[in-house]
Amino acid sequence: MADYAYGPGRNHLFVPGPVNIPDQVIRAMNRQNEDYRSPAVPALTKTLLEDVKQIFKTTTGTPFLFPTTGTGAWESALTNTLSPGDRIVSFLIGQFSLLWIDQQQRLNFKVDVVESDWGQGADLAALDYKLRGDPSHTIKAICIVHNETATGVTNDLSAVRKLLDKHRHPALLLVDGVSSICAVDFRMDEWGVDVALTGSQKALSLPTGLGIVCASPKALEASKTAKSVRVFFDWADYLKFYKMGTYWPYTPSIQLLYGLRAALDLIFEEGLDNVIKRHTRLGTATRLAVEAWGLKNCTQKEEWFSDTVTAVVVPSYIDSSEIVKHAWKRYNLSLGLGLNKVAGKVFRIGHLGHLNELQLLGCLSGVEMVLKDVGYPVKLGSGVAAAAAYLSNSTPLIPSRI
Ligand SMILES: Cc1ncc(COP(=O)(O)O)c(C=O)c1O
């Protein structure tokens, strides 16, 4: 049977997750099921648990590979470290931080919501104030989305750590790195992050289905007394199986594990720091194109610019969802919709994961054509020229081809 809505050529997938999957990863996953209790799967899992620490930049953290999505990884982070009624501080800056806060409230934590305009970063002055006013340490955790995918805002985690240290506050630092880890600089140990988490369909460039959670020694200690009900996501079950060397309390997604092996191998071959630099280039080039089109970035200050997603604000006479629909229908280009408060007002260009400079230029030329089609007075080639001028000066030789 033909694909539903087949289009010739490749789809230009520029949503901020799920992203393009490398052919090597697809091939690695194209395999039979196997007995996960044979020696092969534990041997593979052991290498994954060791190597995945590198993407978090941790040597002391303990990783868990859950068959879940980012939302499950959130739940794992919260329920293993906190008890119902615990007070937490959580920043609301866009749709994904909003959804995490909703989960925190439904799990019965007492959430101090610190809200900012969508397009701004976490309000760290408010955090400073709250920590100063909490000498008896009633705040048990700070929850923060490193990169808010709805608005293209990256928060400064080292600044959050500095505030906790300044006030000698022992609150746990729980970080959603779903659209940052493996693409944006992230340093679990250096920044004293207690739980970091990501999802496989973002910068790791895998299919959806793995939630990767990494716990610091302090978070593991907290899990011994945390009273939230947890079953599927209980770290203790995993730790028991880690000790036995069999690793899995229930059936793992074996194909995804082989995919993760291939994805990590590709990242290490390029070099994680090179991967991060590539994302900086792609983000910068996208922002230059937006500027050349005369449009605004939803992100209000440069310090918050995201190198994985750019939310582009459209003039009020254009509905941004028409741009997204038209791009897909006419040019086989998939862009991200504006979500919730910014629905109709922004469209998003995802520039993360398995992606290179020329793919991005293809996307930018598509965006220009769509903008023209919907009646925005764009000069065709203007954004592409600005991005290409920058990229031709900044793109290094491919590391494995030097
Ligand atoms: C920053 C962030 N956190 C969490 C999620 C939720 O992840 P999932 O859809 O995999 O459950 C997303 C999804 O896009 C996200 O961008």
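In case you missed it, the structure is sitting above this.
Report on the accompanying structure. (Residues numbered from 1 in each chain as written. Predicted model: local features only at pLDDT ≥ 70, side-chain atom pairs only at ≥ 80, totals over all residues. Heavy atoms only, no water.)

This brings us to the sheet that holds strand S8 (residues 172-176). Taken in spatial order, the seven strands make up an open sheet running S2-S10-S9-S8-S5-S3-S4, and their pairing is mixed. Edge positions in the sheet fall to strand S2 (62-66) and strand S4 (110-115), since each has one partner strand and no second. Recorded for the sheet is a direction-independent mean angle of 20° between the axes of neighbouring strands. Two strands pair when backbone bridges link them, and S2 and strand S10 (residues 211-215) are joined in this way by five bridges, in the antiparallel orientation. Bridge pairing in S10 places threonine 62 opposite alanine 215. (Pairing = 2+ DSSP bridges. Helix = DSSP H or I, 4+ residues; strand = E, 2+ residues; numbered from the N terminus. Axes fitted to C-alpha atoms, helices over the stretch in contact; angles between N-to-C directions.)

Turning next to helix H6 (residues 157-166). For H6, the buried fraction is high: seven of the ten residues fall into the buried class. Here H6 has its buried residues at Leu157, Ser158, Ala159, Val160, Arg161, Leu163 and Leu164. Check the buried side of H6 and you find it contacts helix H5 (124-132), strand S5 (139-145) and S8. Phi for arginine 168, located one or two positions after H6, is positive at around 45°. (Buried < 20%, exposed > 50% of the residue type's maximum accessible area, 1.4 Å probe, protein only. Contact = heavy atoms within 4.5 Å.)

Taken together, 13 residues surround the ligand, and among them Thr69, Thr71, Thr149, Asp176 and Lys202 come closest. With respect to the ligand, the backbone of glycine 70 contributes an N or O atom lying 2.9 Å from an oxygen atom. Against a free-state accessible area of 390 Å², the protein chains account for coverage of 87% of the ligand. The element contributing the most residues to the shell around the ligand is helix H3 (residues 70-81), with three residues. (Near = heavy atom within 4 Å. Polar contact = N/O pair within 3.5 Å; in protein donor to acceptor, adjacent residues only side chain to side chain. Areas by Shrake-Rupley, 256 points an atom, 1.4 Å probe, with all protein chains shown as cover.)

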